[in-house]
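Overview (structure and organization)
The primary structure of each chain is shown beneath.
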Amino acid sequence: MNGHFITFEGGEGAGKTTILQTLSEKLQKQGFEVIATREPGGIEISEQIRKVILDPQNTKMEERTEALLYAAARRQHLVEKVIPALEQGKIVLCDRFIDSSLAYQGHARGLGIDEVFAINQFAIKDCMPTLTLFFDIAPKKGLERIASNKERERNRLDLENLAFHERVYEGYQKLIGKFPNRISTINADQSLENVERDAMARIAAYLKK
C-alpha cells in the first residue's frame, strides 16, 4: 500500500481528537490527500457498534464482549475506509486504533495484551499503523479536562474510576516499550499550540523519510 497510516493514541482528555482535525487541515493545505477518521466508528456499521460499546446504559457488558466488539468495528472500518484510502496513496489519520484495545481491554481490563492482540490480528491481518503518536498526560489531569468540557460526549468509559484510567496509562507505557520504532510520545500537558506544533513536527519528519 502506498499511503501512510498514522494513528493518534492517549488516555481520556489528552486532546488528540482536536489536534487530529487541525493537523488534517494543515496537511491538506500542504497538498496531501488526507482522510481523518476515528475508532470505534468512521463508517456507518462501525458507528452503530460504537453506540453499543459506549452506551452508558450497557454497564453489564463483559470484558471479552467489549474487546470483540472493538475488533469487529475495527475490521469493518479497515476494509471499508482505511485500506481503500491507503491503496490510493492517501494519508489516513485515525483517532485510536489497535493500541487502544491493547491498553484498555488488554491491560486495564486484565484480559492480557497478547490475548487482545491475537483477537485483533484476526481482524486486521497485517494492517498496522506506520506511525503512532501517543499524547501523554497524567490520567488525573486528563479527567479534569473532561470534567470541565461540557460539550464532550459522555460515554460508558467516563463511568470508570481514576484507578482504571491509571491502568490504561500503564498499558500505553508497556506498548511504547514494545513498539519503540512505531510509537512516538508527545507531551500533551502543554498549550494546545505547542502540542500541535510538536505533533506536526513528528509527522513532517516521518513523511520526509
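Each chain carries its own residue numbering, running from 1 in the written order of its sequence. Residue-level local features of this predicted model are given only where pLDDT is at least 70; pairs of side-chain atoms are given and counted only at 80 or more, and the full residue set underlies all totals for whole chains, interfaces and linings. Excluded from the side-chain calculation are hydrogens and water; included are all heavy atoms of the structure.

Moving on to the overall build of the protein. To qualify as a helix, a DSSP run of H or I must reach at least 4 residues; to qualify as a strand, a run of E must reach at least 2; elements of each kind are numbered from the N terminus. Each helix and strand counted, the protein has eight helices and five strands in total. If you list the helices and strands of the protein from N to C, you get β-α-β-α-α-β-α-α-β-α-α-β-α. Each radius of gyration reported is based on C-alpha atoms, and the globular scaling rule is 2.2 Å times the count of residues to the power 0.38. Here the protein has a C-alpha radius of gyration of 16 Å; the compact-globule value for 209 residues is 17 Å, and the two agree. For the protein, the spread of C-alpha atoms along the three principal axes comes to 45 × 35 × 35 Å. Exposure classes here rest on a 1.4 Å probe applied to the protein chains alone. A residue is buried below 20% of its type maximum, exposed above 50%, and partly exposed in between. Across the 209 residues of the protein, 49% fall into the buried class. Contacts were defined at the residue level, with two residues in contact if any of their heavy atoms lie within 4.5 Å. In the protein, the share of contacts with a sequence separation of at least 24, taken over all contacts with a separation of at least 6, comes to 79%. Positive residues here are Lys and Arg, negative ones are Asp and Glu, while His and the chain termini are left out of the count. Lysine's charge is taken at NZ, arginine's at CZ, aspartate's at CG and glutamate's at CD. When the 30 positive and 30 negative side-chain charges of the protein are each reduced to one mean point, those points stand 2 Å apart.

We define a salt bridge as a contact between a side-chain nitrogen of Lys or Arg and a carboxyl oxygen of Asp or Glu at a distance within 4 Å. Tallied over the full model, the rule gives 12 salt bridges. Here D114 and K178 are joined by a salt bridge, their closest N and O atoms 3.4 Å apart. Placement of the pair is D114 in helix 5 (residues 113–124) and K178 in helix 7 (residues 162–178), with a sequence separation of 64 residues. Of the residues examined, K178 reaches a relative accessible area of 42% and is grouped as partly exposed. In the salt-bridge network here, residues are joined through shared partners; they are E9, E12 and R96.

Geometric descriptors of this kind do not, in isolation, establish any biological role.
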